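Given next are the chains, with one letter for each unit.
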Amino acid sequence: MWCIPPKQDAAFVCAMEQVLSFYKRPLNPNCPVACMDETSVQCLKEIRPALLGRPVQIERYDVEYERNGVAHLIQFYAPLIGWRRIDVADNHAALQCNGRKG
């Protein structure tokens, strides 16, 4: 669902409509519509092994965990042809500038 931010005007709506019309284009195998998205995720490490359940139960995990860094995910996808690629960069960190994070 698309939402218009409260402080935006007609120019913003016009630009958004241009973007949305791009995604409505019919499939052209020579020039497919490709998208890109990125996010960061926290990596967690289990501290204790799972408790095996009885035949009618599933495994149970302790709620305690250890932080194990952050991974940066970048996804490229072409929805009309069913193609996607995800790259994972482990444990990215902010650049250091004069001893401070920047």
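That block above? That's the structure.
Residues numbered from 1 in each chain as written. Predicted model: local features only at pLDDT ≥ 70, side-chain atom pairs only at ≥ 80, totals over all residues. Heavy atoms only, no water.

Draft legend 1. View of the overall build of the protein. The helix and strand tally for the protein stands at 1 helix and 5 strands. Secondary structure of the protein in N-to-C order comes out as α-β-β-β-β-β. Scored against the burial criterion, the 102 residues of the protein give a buried share of 5%. The contacts in the protein between residues at least 6 apart in sequence include a share of 42% that link residues at least 24 apart. On the protein, roughly 9300 Å² of surface is accessible, and the fraction owed to carbon and sulfur atoms is 56%. (Helix = DSSP H or I, 4+ residues; strand = E, 2+ residues; numbered from the N terminus. Buried < 20%, exposed > 50% of the residue type's maximum accessible area, 1.4 Å probe, protein only. Contact = heavy atoms within 4.5 Å. Areas by Shrake-Rupley, 256 points an atom, 1.4 Å probe, with all protein chains shown as cover.)

Draft legend 2. Structural detail: the side chain of His72. Mapped onto the elements of the fold, His72 is located in strand S2 (residues 65-78). Taking relative accessible area as the criterion, His72 reaches 18% and is therefore assigned buried. Here Glu38 takes part through its side chain, which lies 3.0 Å from a polar atom of the side chain of His72. Engagement of the side chain of His72 in a polar contact is seen with the side chain of Ser40, the distance being 3.4 Å. (Polar contact = N/O pair within 3.5 Å; in protein donor to acceptor, adjacent residues only side chain to side chain.)

Draft legend 3. Region of interest: the pattern of salt bridges. For the coordinates displayed, the defined rule picks out 2 salt bridges. For Glu64, the salt bridge goes to Arg48, with nearest N and O atoms at 3.3 Å. Note that Glu64 is positioned in the loop between strand S1 (35-46) and S2 and Arg48 in the loop between S1 and S2, a separation of 16 residues in sequence. The partly exposed category is assigned to Arg48, whose relative accessible area is 41%. (Salt bridge = Lys/Arg side-chain N within 4 Å of Asp/Glu carboxyl O.)

Draft legend 4. View of helix H1 (residues 10-23). Taking 1.5 Å per residue as the helical rise, H1 with its 14 residues ought to reach 20 Å, and the 20 Å between its terminal C-alpha atoms agrees with that figure. Its side-chain oxygen at 3.2 Å from the backbone nitrogen of Ala11, Asp9 defines the N-terminal cap of H1. (Expected span 1.5 Å × (residues − 1).)

Draft legend 5. Seen up close, a nonpolar patch on the surface. Where nonpolar side chains cluster on the molecular surface, the patch consists of Leu27, Met36, Phe76, Leu80, Ile81 and Trp83 and spans about 580 Å² of accessible area. Tracing the chain through its elements places Leu27 in the loop between H1 and S1. (Patch = residues over 30% accessible without salt bridge, like charges linked within 9 Å, V, L, I, M, F, W, Y side chains within 5 Å.)

Draft legend 6. Spotlight on the packing of aromatic side chains. Evaluation of the coordinates by the stated rule reveals 1 aromatic pair. Seen from their ring centres, Phe22 and Tyr23 are 5.7 Å apart, and the 85° between their planes marks the pair as edge-to-face. Residue Tyr23 is classed as partly exposed on the basis of its relative accessible area of 40%. (Phe/Tyr/Trp six-rings, centres within 6.5 Å; stacked < 30°, edge-to-face > 60°.)

Draft legend 7. Here's a closer look at the environment of Pro32. Checked against the element boundaries, Pro32 lands in the loop between H1 and S1. Along the primary structure Pro32 and Ala78 are separated by 46 residues, whereas in three dimensions their C-alpha atoms are 6.8 Å apart.

These values are about where atoms sit, not about what they do.
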